[in-house]
Amino acid sequence: MTASVDAALDRLQRQDAAVPAPDATLTIAEMAERTGVSAHTLRYYERIGLLSVARDTAGYRVYDARNYARVVFLNRLRMTGMSIRDLQRYIALVAEGEASVPERLRMMLAHRDAVRTQIQELTFALDTIEFKIAAYGGHAQP
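All values derive from a computational prediction rather than experimental measurement.

Topic: the overall build of the protein
- A tally of regular secondary structure across the protein gives six helices and two strands.
- The secondary structure elements of the protein, listed N-terminal to C-terminal, are α-α-α-β-β-α-α-α.
- Along the longest, intermediate and shortest principal axes, the C-alpha atoms of the protein span 65 × 35 × 25 Å.
- Split into buried and exposed, the 142 residues of the protein put 26% on the buried side.
- Considering only residue pairs separated by 6 or more positions, the protein has 49% of its internal contacts joining residues 24 or more positions apart.
- Here the protein displays about 9,600 Å² of accessible surface, and carbon together with sulfur accounts for 58% of that area.

In structure tokens:
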């Protein structure tokens, strides 16, 4: 694999391995380090309502395991191309509680279908690229 693919996979694996203990708290720097999401993006997510973060007595952000799980979830949906507007809609539905589960499910099913379509399209495009590489005397990847 290429270095960029390896780095992306490594970041995702580190997210899974760096889940804080249920009673632990993280600073914004620790959250950014563990999730791979910049402090700027974390503040932006809070400002637009995707995150609700507690503050300590000095006014510093205090992230908990629930915040961590949400940031990882948001990050992965963004990786799939979900728009900020759709993320905001989804989080608003979460705030509505159990009554919104059917609509959340519909959103996730529709997004899953879109991601699967995109994967198929990208696979087709990748096959075309591999063909050209082979045509130029290079080695296509398995």
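Some remarks on a nonpolar patch on the surface
- Taken together, the side chains of L126, I129 and I133 define a hydrophobic patch exposed on the protein surface, amounting to about 250 Å² of accessible area.
- Relative to the elements of secondary structure, I129 occurs in helix α6 (residues 101–135).
- Overall, I129 belongs to the partly exposed group, its relative accessible area being 47%.

With respect to the packing of aromatic side chains
- Scanning the model with the defined rule gives two aromatic pairs in all.
- When the centroid spacing of 6.3 Å and the interplanar angle of 45° are considered together, the rings of Y44 and Y45 count as tilted.
- For Y45, a relative accessible area of 6% translates into the label buried.
- Measuring from centroid to centroid gives 5.5 Å for F73 and Y90, while their planes differ by 45°, and the two rings are tilted. On the criterion of sequence distance, the pair formed by F73 in helix α4 (residues 65–79) and Y90 in helix α5 (residues 84–96) is long-range, its members being 17 residues apart.

Brief notes about the nonpolar core
- M31, L42, L50, L51, Y63 and L87 are the most contacted members of the largest nonpolar core, which has 24 residues in total.
- Residue assignment for this core shows that the elements contributing at least two residues are α2 (28–35), α3 (39–47), α4 and α5.
- With sequence-adjacent residues up to four places away left out, Y63 is seen in contact with A24, T25, L26, T27, I28, M31, L42, L51 and V53.

Here's the deal with the side chain of S100
- Within the secondary structure, S100 is located in the loop between α5 and α6.
- What makes S100 buried here is its relative accessible area of 3%.
- S100 has contacts with L93 and V94, leaving out every residue within four places of it along the chain.

Quick notes on the packing of α4 against α5
- Close contact between α4 and α5 brings their axes to 10 Å; oriented N to C, the two are set at 145°. The handedness of the crossing between α4 and α5 comes out as right-handed. The segment α4 lies against α5, with R70, F73, L74, L77 and R78 engaging I84, L87, Y90, I91 and V94.
- Within the contact of α4 with α5, the residues separate by chemical class into eight nonpolar, no polar and two charged.

Conventions used here
- Residues numbered from 1 in each chain as written.
- Predicted model: local features only at pLDDT ≥ 70, side-chain atom pairs only at ≥ 80, totals over all residues.
- Heavy atoms only, no water.
- Helix = DSSP H or I, 4+ residues; strand = E, 2+ residues; numbered from the N terminus.
- Buried < 20%, exposed > 50% of the residue type's maximum accessible area, 1.4 Å probe, protein only.
- Contact = heavy atoms within 4.5 Å.
- Areas by Shrake-Rupley, 256 points an atom, 1.4 Å probe, with all protein chains shown as cover.
- Patch = residues over 30% accessible without salt bridge, like charges linked within 9 Å, V, L, I, M, F, W, Y side chains within 5 Å.
- Salt bridge = Lys/Arg side-chain N within 4 Å of Asp/Glu carboxyl O.
- Phe/Tyr/Trp six-rings, centres within 6.5 Å; stacked < 30°, edge-to-face > 60°.
- Core = buried A, V, L, I, M, F, W, Y, C linked by side-chain atoms within 4.5 Å.
- Axes fitted to C-alpha atoms, helices over the stretch in contact; angles between N-to-C directions.
- Left-handed = near helix turned anticlockwise from the far one by under 90°.
- Nonpolar A, V, L, I, M, F, W, Y, C, P; charged D, E, K, R; others polar.

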